[in-house]
Amino acid sequence: MNFFRQTRLHYSLGRIVPFCLLIVLSSFFSACTASSNQSARSATQSIVSTPSQAPSPTPTAVPLLRPDLERGMIYPRFNQNSYGTADSTWQNGIQTIKNQTGATWLEIPVLFSQATTYSTLVGTGVNAPNLSAFASGIRRARALGYHVFFIPLSKVDVPGEWAGEIRFNTQQQEQAWFDSYWNTLQPYAAVAQENGVEQMSIGTELEWLGHNAPDSLWNELIARVHSVFKGTLTYDMNWDPSLYQAPANWLKNPDLSMIGVSEYVPIVSSPEQVGSDAMVGLWKDKVGKLIDAFSAQVGKKLIISEIGYRDTFDAFYNPYNAKSSAAVDTADQAAAYNAALTNIFADQSIAGVFFWGWDGVGRLDIAGTPTVQVVAKWYTATAPSGTP
């Protein structure tokens, strides 16, 4: 009996203890679950109640001063591999130009040639890049973010003679020249179109032809170029005599959006130094007024497709002369650039400016001089606050 009771007691205890443990464990887990749910609710409420942070506004870009103005530089090269991958000096140099000046446009000249001023045969010769190198140069410039302006230059293979004096006695000779010129230009125009060039000149400084060849020949050339190249077209005249004469009728052809000018007007008549304070006014009187008058006559804006000043104390004297025995004065060159840019940025008749040149152009070089900082100051200048 005692054994039986003892056995049942053991049996009862054996059943009660686990049952109690089960109750305790159940209460424990319930408490844990409740605590967990409460924590989750608290966390959720915390997340919901925390106000979201508004994203920082994107900074508004400050507009450039005269954002429409073509801010250009020229780094001319004259051999068959010019501008291509084999011309690493140029391909690296245009990166330096962009970094140091803020230029947004790059002018790429291609030099054509002919034997004499009366020859009707135009060719490329050894000074023009081959088409592959030309295309490579365009692609490199565009990859760096430049807009590209292609201009054909012309030279005569006789020392001392100038393409501006190319002339003929008969219209048949003139037609032959224009046909030969177009045959030489057409492949470059096609490459320019295929590789994204935005702007092209149909010719440069062909002064006698510009004033004496029939309008029909010039209009035919414009139509031929326009049939291949769909970007902006211009023609680049020389300052002398063009800025002093009435525009030829063909310059008013609507397919020429603007007229370019190689601007090397002598601002002083003798090799003298001009104070920087006087330069701005002199430039306006000697150059700006000529440009404004011509623009009004032709009914179009002008691009200064070529301009430069020597690194000498007489920078304003015959600036077209890249050679000089005058004393070096890079400060005078910088002041001349500043005078030009002060007027250019203020003149709505001027649609762009391209400086000749970066390097390899004699005393007109600006690479490594204080003039680079002057160009950068203007090319990166921002519009005053409140300017529309």
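In case you missed it, the structure is sitting above this.
Remember, predicted model here, so these are calculated numbers, not experimental data. (Residues numbered from 1 in each chain as written. Predicted model: local features only at pLDDT ≥ 70, side-chain atom pairs only at ≥ 80, totals over all residues. Heavy atoms only, no water.)

## A look at the packing of aromatic side chains
Each pair of aromatic rings is reported with the distance of its centres and the angle of its planes.
Part 1: Following the criterion strictly, the structure yields 19 aromatic pairs and no others.
Part 2: With a centroid separation of 5.1 Å and 85° between ring planes, the pair formed by F178 and W218 is classed as edge-to-face. With F178 in helix α4 (residues 171-194) and W218 in helix α6 (residues 215-228), this pair connects stretches of sequence that are 40 residues apart.
Part 3: Judged by its relative accessible area of 1%, F178 is buried.
Part 4: The exposure class assigned to W218 is buried, which follows from its relative accessible area of 0%.
Part 5: Geometrically, the ring pair formed by W218 and Y235 is edge-to-face, given 5.4 Å between the ring centres and 65° between the ring planes. Here Y235 lies in strand β5 (residues 232-238) and W218 lies in helix α6, a separation of 17 residues in the sequence. Pair check on accessibility: W218 and Y235 agree, each one buried. (Phe/Tyr/Trp six-rings, centres within 6.5 Å; stacked < 30°, edge-to-face > 60°. Helix = DSSP H or I, 4+ residues; strand = E, 2+ residues; numbered from the N terminus. Buried < 20%, exposed > 50% of the residue type's maximum accessible area, 1.4 Å probe, protein only.)

## A word on the layout of surface pockets
Part 1: Here the largest pocket is characterised by a volume of approximately 700 Å³.
Part 2: In terms of lining, the largest pocket is formed by 21 residues, of which the most central are W162, E205, E306, Y320 and W356.
Part 3: It is strand β3 (residues 147-156) that provides the largest number of residues to the lining of the largest pocket, a total of 4 residues.
Part 4: The class makeup of the residues in the lining of the largest pocket is 13 nonpolar, 3 polar and 5 charged. (1 Å grid on protein atoms, 1.4 Å probe; cavity = no way out; pocket = protein on both sides within 12 Å on 5 of 7 lines; lining within 4 Å. Points joined across faces, edges and corners; volume = space filled by probe spheres on them. Nonpolar A, V, L, I, M, F, W, Y, C, P; charged D, E, K, R; others polar.)

Nothing here speaks to function; it is geometry throughout.
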